[in-house]
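Inside the fold
What follows is the residue order along each chain.
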Amino acid sequence: MSQIEGEKKLDLLITGVGGQGAILASDIIGKAAVISGLSIRAAETHGMAQRGGSVVNHIRLGANLGSMIPKKGADVLLALEPMEAVRYLDFLKDGGVIVVNTQPIVPVTVTSGLAKYPDIQEILDVLSEKYIVKAFNADELAAEAGSRLAMNVAMVGAVSGYLPIPKEILIESVKALVPQKTIEINVRAFEMGRRKVEES
Amino acid sequence: MTTREYMLGNVAIARGLLEGGVQVATGYPGTPSSEIIDTLAARKERDYHIEWSVNEKVAMEVAVGAAWAGVRSVVTMKHVGLNVAADPFMTLAYAGTKGGLIAIVADDPSCHSSQNEQDTRRYAQFALVPCFDPSTPQEAKDMLPYAFEFSEQFEIPVIFRPTTRISHGKSDIELGEIPTEKSAPHFEKLLDRWVMLPKNARPRHTHLLAIQQPMEDALAESPWNSLELKPDATFGVIGAGIASVYAKEALQELGLEASFLKIGTYPVPKKLILELLETVNSVLIFEELEPVVEEQVKMIAQEAGLPVYIMGKTGGFVPREGELDISAFLEALNKAFDLDVEPEKGTISLELAPRPPGLCAGCSHRATFYSMRKVFGKDAIYPSDIGCYTLGIQTGTVETTLCMGSSISIASGLYHAGEKRPICCSIGDSTFFHTGMNSLLNAVFNKANITVTILDNRITAMTGHQPNPGVGFTVTGEPTVEVSLAELCRAMGAGSVVVVDPYNLEEIQEAFKAAKDFEGTAVVIAKKPCVISVKRAGTRRLPYIVDPEKCEGCKQCVKFGCPAIEFDEENKCAVITALCSGCGVCAQICKFDAIKEVKR
């Protein structure tokens, strides 16, 4: 197995806003990794920061030691929210891949006039200078699949092509982790997200 | 055939307790420790007693009772919880145990969700009690059955100290067997052990000191410490707990030949440290927070007369605050050897809006704080406490937060100091049951003229919705007595006690006015279930909407600070988003009758 692990090492960072389902997204990948025989280490944001704050999850596929990705160590960044893609860029390798949902969530600091939300196009332009960027509105895509709540699963689908885990196993993991009644919608969202990046 | 599962560190810890044959599990919720009890409680088949206790001291004492009856018990808490439980704990070290007793005390380096970042290993030293410091979730799970055995072998309580990155890390975990046979409880009346009169305490202290060396020897042989001596290495690294995996990974990446000592238990394995020091010229000690290992290494080197150059917190190589990571190890190496391994830094700079955590849309605390501020004004003093409501700092009604239960006592102190401004403090239901009750009793007894607001959202929300004595059910969902906060406050002598609905602004503001005018200790209980509980229970309230025709763009509703209310600058009109949970408070704030409930 160690040989497989050596070939299948990948550090993935998932960022977003508390309540968007970043933990479920990492659980889908984590469970699938275990099913496919990969070792995995992950670190999550719980507690105080979850209440609408900025959250970041580290996922290290094929890792045997710590769960924290070093600075400039991540191969792929999956951002469930555009501004949160920028906040943790420190962790991404030069030339790394960013899969980003373009639907912003405006923080209270902006609605109350204390800060400005950067222009989405400007965010994408800046990201594209150094990284490979796959951007689309995952909230709308999820709505098309049947529910906006499936946004996180659509994003897992979108990033799935970069993961050293077979698609079928990821879908198996989606089915095991989402509420029974929403399996169909979530699998559809996964497929649509995957296609979106494949076709881009 | 082994079974591997993807698990949260705290779930792995719960599993380790099961594999160790736990029979009584207690605790008080606190990030990052809470999911251990939650996980044990959620199991369908349980052959153990489990409870959320009212505070850590009580939780510790219940676990002690069980261990004195000869069964294996565990008590869980966050690091600051041990301050509350320190009284029983320090003397328990003298008395010892019969059944194995593990105090799981989760540290939070970097204060991710805490008011300080104290290092529990210091408590272990202070109490002369062994401490286990896991480096991965797998090791955490594997350590626990061993810790039970160890506790029973030496008849001493042990500390198990995960940190945030262990408790809230995830990993594939190889599972072990859960034993089916357990000890039958039997309390042996060993009065010289269980009655800590001075004449009994003195010999127990002597005994505690006498077992230090045997405990250290046993731990040095345990699998949690390991020494790898590289034949030609003149440089050594000592990594403790989770910091050891960061150091290990960095050394592997760099391909650096260094001897490596991984430490996972305290008292530290002096034998292994000495063995390392004898073979190297310099050693870097990498541990989070306090220089616990480092101080020991220095003493050992000095006693053995070894001229080894010791680096760590000393010399500023490793920071004494915050959590460590691979970058911190590289920085330390860089400082030590002038290597060109400067950790990489990102370069993109784009002005980002901060995104601090805040109260949810429809949170009753926001409504209570709004009315409190309206009635008491900006001159009043607002001591507060520990819970979700601490996030209400933006509302201008959280002006002190020290520790659990302190709001009422600090308010009393401010009053007795001679402050003439009105004083209105706030405390959550669970925090009130935890240690706020004592403070209220003291305030009443010593005639503090203050207003105490109990933010009763019917749950311990911040840590993940654990029950408390006010909610009417236990950790396993079993019905139990629902203790009335109002009756409790009256019984403790509060002169004025009212229960109000914080979503009804007129009602709560009337109550605050009366409390402000009241001579003595007045209590206002703002009672409303947490919006998250309401959502989970499947209750759907109708959302609200702004009528753009009536909206004057005065922004009064926006200033309320609810995340569901935004402002459309183009049309100069407030907008309510899909986050609305239907509390209806903004509709009462609007002076132009522009906010209405959506018709079904």
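Residues numbered from 1 in each chain as written. Chains lettered and ligands numbered in written order. Predicted model: local features only at pLDDT ≥ 70, side-chain atom pairs only at ≥ 80, totals over all residues.

Before going further, it helps to spend a moment on the overall build of chain A. When helices and strands are tallied, chain A shows 9 helices and 6 strands. The C-alpha atoms of chain A give a radius of gyration of 16 Å, which matches the 16 Å a tight globule of 200 residues would have. With respect to the principal axes defined by its C-alpha atoms, chain A has extents near 55 × 40 × 35 Å. The buried share among the 200 residues of chain A stands at 57%. For chain A, long-range pairs separated by at least 24 residues make up 67% of all intrachain contacts whose partners lie at least 6 apart in sequence. (Helix = DSSP H or I, 4+ residues; strand = E, 2+ residues; numbered from the N terminus. Rg over C-alpha atoms; globule rule 2.2 N^0.38 Å. Buried ≥ 20, exposed ≤ 12 C-beta atoms within 10 Å, placed from the backbone. Contact = placed C-beta atoms within 7 Å.)

Turning to the interface of chain A and chain B, a few remarks are in order. If you look at the interface, chain A gives 45 residues, while chain B gives 43 residues. If you list the elements that add at least two residues to the side of chain A that touches chain B, you get α2 (22–35), β2 (40–43), α3 (82–87), α4 (108–111) and α5 (120–130) of chain A. Considering only residue class, the side of chain A that touches chain B consists of 22 nonpolar, 14 polar and 9 charged. The sheet contact formed by β2(A) and strand β8 (residues 169–174) of chain B spans 3 bridges and is antiparallel. (Nonpolar A, V, L, I, M, F, W, Y, C, P; charged D, E, K, R; others polar. Pairing = 2+ DSSP bridges.)

This next bit is on the domain arrangement of chain B. Interfaces are often described in size by the accessible area the parts lose on coming together. Domain assignment breaks chain B into domain 1 (4–218), domain 2 (226–337), domain 3 (364–536) and domain 4 (544–597). Averaged C-alpha coordinates put domain 1 of chain B and domain 4 of chain B at centres separated by 50 Å. (Domains from an automatic or database assignment.)

All names here are of chain B. Judged by how many residues are buried, strand β5 (residues 101–106) sits mostly within the fold: 6 of 6 residues are covered. Sheet analysis places strand β4 (residues 73–78) next to β5, joined by 6 bridges and oriented parallel. Following the sheet pairing, Val75 is matched in β5 by Ala103. Handedness of the β-α-β unit built from β4, helix α4 (residues 81–95) and β5 comes out right-handed. Pairing of β5 with strand β7 (residues 158–160), which is carried by 3 bridges, proceeds in the parallel orientation. Residue pairing in the sheet places Ile102 in a bridge with Val158 of β7. (Right-handed = clockwise from strand over helix to strand, strands pointing away.)

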